[in-house]
Every structure is written in C-alpha cells, then in structure tokens.
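Structure at a glance
Now for the letters of each chain:
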Amino acid sequence: MKYAFIINPIAGNGKKADKLCKEISAAALDSEFDIELHYTTGPGSATHIADKVATAAERVGEEVRIYACGGDGTVNEVANGVYGHANAALGVIPIGSGNDLIRNFGGTRNTDYRDLMSQLLAEEEVIDVMSYSYKRDGKSYNRIGLNAFNIGFDGNVAILATYFNKKTFIGGSLSYGLSIFLNLIEKSGQNLQVTIDGEQLFKGPLMMCTIGNGRFCGGGIESSPKAKLDDGLADVLVVHRIPRRTVLKVLPKFSKGKLDEIKGIEKITEFKQGREINIVPRNGHMKFVVDGEITETDELTIEIKDRAMRVLVPYLQV
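Counting restarts for each chain, with residues numbered from 1 along the sequence as it is written. Local features in a predicted model are, by the rule used here, given only for residues with pLDDT of at least 70; side-chain atom pairs are given and counted only at 80 or more, and totals for whole chains, interfaces and linings are based on all residues. Here the side-chain values reflect all heavy atoms present in the structure, with hydrogen atoms and water set aside.

**Notes on the overall build of the protein**
Each helix is a run of DSSP H or I of at least 4 residues and each strand a run of E of at least 2, with the numbering of both proceeding from the N terminus. Within the protein, the regular secondary structure consists of seven helices and 15 strands. Counting the 318 residues in the protein, one finds 52% classified as buried. In what follows, residue pairs with any heavy atoms lying within 4.5 Å of each other are defined as contacts. For the protein, contacts bridging at least 24 residues in sequence account for 71% of all contacts bridging at least 6. Surface accessibility in these figures is a Shrake-Rupley result with a 1.4 Å probe; residues are shielded only by whichever protein chains are displayed. Total accessible area computed for the protein in this model is approximately 14,800 Å², and 50% of it derives from carbon and sulfur atoms. To sort residues, take the accessible area from a 1.4 Å probe on protein chains only and compare it with the maximum for the residue type: under 20% means buried, over 50% means exposed, and anything in between is partly exposed.

**Some remarks on the layout of surface pockets**
In this analysis the probe radius is 1.4 Å and the grid spacing 1 Å, with only protein atoms considered; a cavity is a set of points the probe fits into but cannot get out of, a pocket is an open set with protein on both sides within 12 Å along at least five of seven lines, and lining residues have an atom within 4 Å of a point. Grid points are joined across faces, edges and corners, and a volume is the space filled by probe spheres set on the points. In this structure, the second largest pocket occupies an estimated 290 Å³ of space. Lining the second largest pocket are 18 residues, with Pro225, Leu237, Leu259, Asp260 and Phe271 sitting closest to its centre. Contributing elements (two or more residues each) for the lining of the second largest pocket: strand S10 (234–240) and strand S11 (269–274).

**Quick notes on empty space enclosed by the protein**
Counting across every chain of the model gives three cavities of 30 Å³ or more. Here the second largest cavity is characterised by a volume of approximately 40 Å³. If you trace the second largest cavity, you find it lined by Val92, Leu101, Ile102, Phe105, Tyr113, Gln119, Val311, Leu312, Val313 and Pro314. For the lining of the second largest cavity, the element with the most residues is strand S15 (residues 299–313), which contributes three residues. Each residue gets one of three labels, nonpolar for Ala, Val, Leu, Ile, Met, Phe, Trp, Tyr, Cys and Pro, charged for Asp, Glu, Lys and Arg, and polar for the others, Gly among them. Its residues assigned to classes, the lining of the second largest cavity comprises nine nonpolar, one polar and no charged.

**Some details on the nonpolar core**
Only buried residues count toward a nonpolar core. Its members are Ala, Val, Leu, Ile, Met, Phe, Trp, Tyr and Cys residues joined through side-chain atoms within 4.5 Å. In terms of nonpolar packing, the biggest core is built from 30 residues, with Ile66, Val78, Leu90, Phe105, Leu146 and Met309 touching the most fellow members. Residue assignment for this core shows that the elements contributing at least two residues are strand S1 (2–7), helix H2 (45–59), strand S3 (64–70), helix H3 (72–82), strand S4 (88–94), strand S5 (123–136) and S15. Counting residues per element, this core draws most heavily on H2, at six residues. In this structure, Tyr134, Val194, Leu201 and Ala234 belong to the second largest nonpolar core, which totals 24 residues.

**Structural notes on the packing of aromatic side chains**
Note on aromatic contacts: the rings of Phe and Tyr and the six-membered ring of Trp form a pair at centre separations within 6.5 Å, being stacked when their planes are under 30 degrees apart, edge-to-face when over 60 apart, and tilted otherwise. As enumerated under the stated definition, the model contains eight aromatic pairs in all. Each ring, one from Phe5 and one from Tyr67, has its centre 4.4 Å from the other, and the planes form 10°; the classification is stacked. Linking Phe5 in strand S1 with Tyr67 in strand S3, this pair joins segments that are 62 residues apart in sequence. The buried category is assigned to Tyr67, whose relative accessible area is 0%. Relative to Tyr141, the ring of Tyr134 lies with its centre 5.1 Å away and its plane at 15°, an arrangement referred to as stacked. Taken together through their ring pairs, the aromatic side chains of Tyr132, Tyr134, Tyr141, Phe149 and Phe288 make up a single cluster. Geometrically, a lysine NZ or arginine CZ counts as sitting over a ring once it is within 6 Å of the ring centre and also within 35 degrees of the ring normal. Above the plane of the ring of Tyr141 lies Arg136, whose end atom (NZ or CZ) is 5.1 Å from the centre. Its end group placed over the ring of Phe271, Lys226 keeps NZ or CZ at 5.3 Å from the ring centre.

Taken by themselves, the reported measurements are silent on function.
Following this line, the structure appears as structure tokens:
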C-alpha cells in the first residue's frame, strides 16, 4: 500500500501546510508506511499529480491512498485525479477555509481529521459522485464534484468569500458574513431553466439554486439537510426571486438546514431529488461554484454516479 499526500502549500495561509509537511516527513522516516509527499504548483496541478500517482501504482498492481491536504478546492482537484482509478482511495486532511465535504462524516472540528496516524489507518466508505459537463466559449468540459453546486445568491456569496480569503486579510466566517451583506445590497440571483430527470422544476428569475450530494456548503451552511452521499440522488433546491426582507428571514433558517420551519416556505421554493439535472441560463451564461471551485458556463448537466468513489474516514474520538 502506498500513501501519497498532495499538499496545497498556501492553504490556511501556509502555516497549517508547513506544520503538516513536517509531520508527514517525520512519519515517512519513522514508520513502516510507504509515504510520499507532493506539492501543488497552481490550478489543475493537484488533479495531474493524483492521476499520475494512481496510474503509477496501477502499473505495479498496488493500492494507493491519496490525501488531499487543503480546502474544498484542493479536494475537488484531487478527486478528479483519483476518479476512474479502481486502486485509489481519496483521503482529506482539511487545512483550508471551507472544508465542507468532511462535515458529512461526523466530527465537530477540522482538527478531528488532522491526526496523521488516524488518517493512515482510516476505514473506507464508498460514496456517489456528481459527474458534470458544461460548455464555455464553444468548448465542452467533463469533471466530477463530490459535495455541492451553488448558483445564484449562495454561489455569488461563495465567489466573493473566495476573493476575500485569497486577496485580503478577511477570512473564515467573517468573509462569508461580509459577502452575504454585499450580495444583499446587490440582490444578485440568476434567470434559469432547471430540469430534473426530464421534467422542468423551475423556469425564470430565482434567488438561488443549490444541488447537494452532501449536506453542507459555504463553510458549514447546511444547504441540503436531507442529502446523503450514498443514496444515488442529488437534492435540488430552488428559492424564487424574493424581496430583501424575505431574504433576511430565509437565510438564517437556510444556513441551519431548517427551511421547512418557515410558514409558507413552499410558496417561494421548489425541491426535488433526482439523478440527472440540466440547468440552462436564460441570459446566455452563468457562474456556478462546485466544491469551492468557480466556473462560468453556457449550460450545465449533472449526473449522479452511484458509489463511484472510495473515501477514507478516520476514526474520530468524539
């Protein structure tokens, strides 16, 4: 068995990455585990590294555990490199700003997942994958996501929060709070046609559309409280275009996964589970966020692939 750690050196402002690198290097010297360490160099490099490591292990008939060390964006990139390799399992060591995928597996703190020996001895679970295709500038692309898609208000909040995290001293929950405030001023949304398993769910202006394989997004917002990573379904929520005062009423409940507690919520939302989702922007293009990664497209199609990814879940002392 090989253990490969792919580290985003700028995750957590670099300090958490430095500490983790020292721990992994020490473990490689002092244990019987076959450990190797890799560093990302820019967008897309984590996918390339993961694919290369898994392919090399395949050639010699070896199992490999590949750990994404960073935030949700790093996890997304590594997962795209792991996907399709039957000999590879995905591990996650959260040292980024969002870290939403791991919230689906229990544990109350990111530090619960940073114990190196627990990661090396972790059990495996098998989860669904959201295979998606999109078009941009006349070209077609195919990738996978594990956790959630966000379009409209919550997607725009995530986009702006990412900007604050990368370009300013503002980070963590403060970046999301400020992003929500600024998007409330602008009242940003989208104009979309949303189709699920061949049936139209919604068409027109909306505040936001969330597609969840996992329950959380945006650094702990429970946007899809009914979602399960292994049920073969995506949870699709559409919130209609609504006045700002209603947004302020909806957001606290939305963030805690309790929209159903709002009286009359069914009049301003649509919800459905399904296996194939098609989203077409009526104004020609849209931005969406998948697992922390921001993309612009002319059309988006998502298909659930049943139990298509092996994921490592360390034993948590909670």
